[in-house]
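# Commentary on secondary and tertiary structure
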Amino acid sequence: MTGLTGLTGLTRRRLLLLGGAGLAGAGVAVLAGCSTASTSSVSEPEEFDTPLPIPPLAESRWEAGTRTFSLRAQEGSWQFQPGAHGASTWGFNGPYGGPTLRANVGERVAVEVGNDLPEATSTHWHGMHLPAEMDGGPHQMVEPGDTWRAEWVIGQAPCTLWYHPHPHGQTERHVYRGLAGMFWLDDPQDPVTQALPHTYAVDDVPVIIGDKTFDDQGELVIDDGGNEVGLLGDVVTVNGVAGARLEVTTTLVRLRILNASTARIYSLGIADRSMLMIASDGGLLRSPLELERVRLSPGERAEVLVALDPGDDVRLHSFEPELGSVAAPFAVGANDSFDVLRLVAADELAASAEVPEQLASFGLDAAAVGPRRRFELEDREINGARMDMARIDETVELGDTEMWTVVNRNLFPHNFHVHDVQFEVRSIDGEPPPPELAGRKDTVYLEPQREYELLMQFIDYTDPQMPYMYHCHLLRHEDEGMMGQFVVVQPGERADPSMISGHGGH
Ligand code: C2O
Ligand code: CU
Ligand code: CU
């Protein structure tokens, strides 16, 4: 932990030295140190011909009415590009990434997580509604050689979730080395699910985006280039490879896109056509939404349908992302534009079913709002404090509907993620959110200097001793303490930090 903190201190000082008065200077510093053209700092592969690797579906077994999975975090070696040197990586059940877990709504699931790494880690189920002690956050560390078992009942709508380590101060490095996989929740009873493309790896495809930087030996390095957001890699990968190509055999393909990057924000689209967005982080939208681009900050997901004609050869592209009023657009990736994934349609395509006009109905009752809380994100602090593993910042009562107002006080990107719940973005600076942000969310990008009202309800689980987290999901920021802890308690009950303060964690 000291190593990383030390490095970070150095980076900050370097930034101050080079930049003098801060952000505008940081942009110049990065520009001067960058060898590529000023338009984009991402180097695209020449060819997009590497077959897109598909994470295998995780096997599960039934044990006492529980669908049980096994994951092992392990070291390995992985080729990010054809012909490249195998880089040292970490993965679950393999050298890089992790299998896709799938479970049905209402099922009891268990995951046994083993750790064969040389250091402690944890496995967090991002977006999952579950008891705090099963959350896999920084209080559920798994020591080398140990196994941790998490068990809960799937009690939320079908959606695309993911899992990744959450060790305090080390999350960026663990995720970046490859520890990330998807967790899909299904509802086989739901006719809408049946009508949408749903055959794994055929017309329903995991697209896990991560940007990487390599040293001369081809090893992964976390080089943040001296900017405020953390690492912006110059090689962009999908499911672990750069220049990937997906063969499509149906008229509609469903891409379940996850931004698993540590800091980079993407604006994804296909140049010559619109897409149909059908789901955000926590499940289907109310109805399909035709759009040109979808912006995803780290941790966010979107499901989109792309329509193809026989023989089409198109690229999922990341356009220069609209990041709001950032002070140094270049430094935070706002000028980067590059291809992400090639989609090649076969000469004959099987016809996909028609997309239903109504996808899902949901909605929290804004009239029921009880407590309101406000979270100001600035530098590496939330409400003026950095993460303290022994401190419980907020106490929420079971059953309450709450409105959280979240503000990014900086002129560079942050986002905001809340564990345990899916929230609804009710307003941005008092205005209704754009339709792509009107669904169920667990992570939202925060444009600088704007106010986001998030509506959420806390149900099912209480634990006065074990907190959930809320934090910025730019992993460098999270590691540097831009995180807080909340417990959910029975009405009238008090938070009890005695257990977590016992093993303080710092
Ligand atoms: Cu995706 Cu607290 O994490
Ligand atoms: Cu999470
Ligand atoms: Cu941040």
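Residues numbered from 1 in each chain as written. Chains lettered and ligands numbered in written order. Predicted model: local features only at pLDDT ≥ 70, side-chain atom pairs only at ≥ 80, totals over all residues. Heavy atoms only, no water.

### Topic: the overall build of the protein chain
Stated formally: Only DSSP runs of H or I covering at least 4 residues are called helices, and only runs of E covering at least 2 are called strands; the numbering of each starts at the N terminus. Restricting the calculation to C-alpha atoms gives the radius of gyration, and the globule rule supplies 2.2 Å times the number of residues raised to the power 0.38. Between buried and exposed lies partly exposed: a residue is buried under 20% and exposed over 50% of the maximum accessible area for its type, with that area taken using a 1.4 Å probe on protein chains only. Contacts are assigned to residue pairs that have any heavy atoms within 4.5 Å of one another. For the accessible areas, the method is Shrake-Rupley and the probe is 1.4 Å, while residue cover comes only from the protein chains on display. Counting rule applied: Lys, Arg positive; Asp, Glu negative; His and chain ends not counted. A charged residue contributes its charge at one atom only: NZ of Lys, CZ of Arg, CG of Asp or CD of Glu.
In terms of helices and strands, the protein chain carries 6 helices and 32 strands. The C-alpha atoms of the protein chain give a radius of gyration of 21 Å, which matches the 23 Å a tight globule of 506 residues would have. C-alpha extents for the protein chain along the principal axes are approximately 65 × 60 × 50 Å. Relative to its 506 residues, the protein chain shows a buried fraction of 59%. Taking as baseline every contact in the protein chain between residues at least 6 positions apart, the subset at least 24 positions apart corresponds to 78%. Roughly 18,600 Å² of accessible area belongs to the protein chain as shown, and the carbon and sulfur atoms make up 49% of that amount. Placing the 36 positive and 75 negative side-chain charges of the protein chain at their respective mean positions leaves the two points 3 Å apart.

### Points about the coordination of the copper ion (ligand 2)
Rules: Coordinating donors are taken to be N, O and S atoms lying within 2.8 Å of the metal, or within 3.2 Å when the metal is Na, K or Ca; because water is excluded from the atom set, some sites may appear incomplete.
Those protein atoms acting as donors to the copper ion (ligand 2) are His 124 (NE2) and His 417 (NE2), and they sit at 1.9 Å. Here the residue His 124 occupies a position in strand 7 (residues 124–126), and His 417 occupies one in strand 26 (residues 414–418), the gap between them amounting to 293 residues. Side by side, His 124 and His 417 carry an identical accessibility label, which is buried.

### Section: the environment of Val 113
With respect to the helices and strands, the residue Val 113 is situated in strand 6 (residues 108–115). Linking Val 113 and Leu 71, residues 42 residues apart in sequence, is a C-alpha distance of 4.8 Å. Those residues in contact with Val 113 that sit more than four places away from it in its chain are Leu 71, Thr 123, Trp 125, Val 142, Asp 146, Thr 147 and Trp 148.

### Concerning the domain arrangement of the protein chain
Here is the rule: Start and end positions for the domains come from either an automated domain assignment or a database one. A simple way to read buried area is as the amount of 1.4 Å-probe accessible surface that goes missing from two parts once joined, with both sides added. A carboxyl oxygen of Asp or Glu within 4 Å of a side-chain nitrogen of Lys or Arg is what we treat as a salt bridge. Any pair of nitrogen or oxygen atoms within 3.5 Å is treated as a polar contact; in protein, a donor-acceptor pairing is required on top of that, and neighbouring residues in sequence qualify only through side-chain atoms on both sides.
Here the protein chain is described as being made up of domain 1 (12–48 + 201–350), domain 2 (55–190) and domain 3 (366–503). Measuring from the centre of the C-alpha atoms in domain 1 to the corresponding centre in domain 2 gives 23 Å. For the pair domain 1 and domain 2, the summed buried area comes to about 2,500 Å², and 63% of that belongs to carbon and sulfur atoms. When residues of domain 1 are sorted by the area they lose upon contact with domain 2, Ile 222, Arg 256 and Arg 301 head the list and together hold 21% of the total. Remark: the boundary between domain 1 and domain 2 carries 0 salt bridges. Taken together, the links from domain 1 to domain 2 amount to 14 residue pairs in polar contact (both at pLDDT 80 or more). Contributing elements (two or more residues each) for the side of domain 1 that touches domain 2: strand 11 (204–212), strand 12 (235–238), strand 14 (252–259), strand 17 (283–291) and strand 19 (301–307). A total of 7 residues in the side of domain 1 that touches domain 2 trace back to one element, the largest contributor, which is strand 11.

### Here's the deal with the nonpolar core
Heads up, the condition is: For our purposes a nonpolar core is just a set of buried Ala, Val, Leu, Ile, Met, Phe, Trp, Tyr and Cys residues, chained together by side-chain atoms within 4.5 Å.
In terms of nonpolar packing, the biggest core is built from 43 residues, with Leu 255 and Leu 341 touching the most fellow members. Tallying contributions element by element places strand 21 (residues 338–350) first for this core, with 6 residues. One finds Ile 265, Val 396, Val 425 and Met 456 within the second-largest nonpolar core, a separate group that totals 39 residues.

### Some words on the pattern of salt bridges
For the structure shown, the criterion picks out 41 salt bridges. We note a salt bridge from Glu 300 to Lys 441, for which the minimum N-O separation is 2.6 Å. Linking Glu 300 in the loop between strand 18 (294–296) and strand 19 with Lys 441 in strand 28 (residues 440–441), this pair joins segments that are 141 residues apart in sequence. There is no split in this pair, since Glu 300 and Lys 441 are both buried. By sharing partners, the salt bridges in this structure join Arg 61, Glu 63, Arg 108, Glu 112, Arg 149 and Glu 151 into a single network.

### Describing the sheet that holds strand 16 (residues 275–280)
For clarity, the threshold we go by: The pairing criterion is simple: DSSP has to find at least two bridges between the two strands. Each axis is a line fitted through C-alpha atoms, taken for helices only over the stretch in contact, and angles between the N-to-C directions span 0 to 180 degrees.
Taken together, 6 strands build an open sheet; the order of strands is 12-11-14-19-16-17 and the sheet is mixed. Two strands bound the open sheet, and with one partner strand each, they are strand 12 and strand 17. Going from strand to strand, the sheet's axes swing by 25 degrees on average, the running direction of each strand aside. With 7 bridges connecting them, strand 14 and strand 19 associate as antiparallel partners. When the sheet's bridge partners are listed, Ile 257 is paired in strand 19 with Ala 302.

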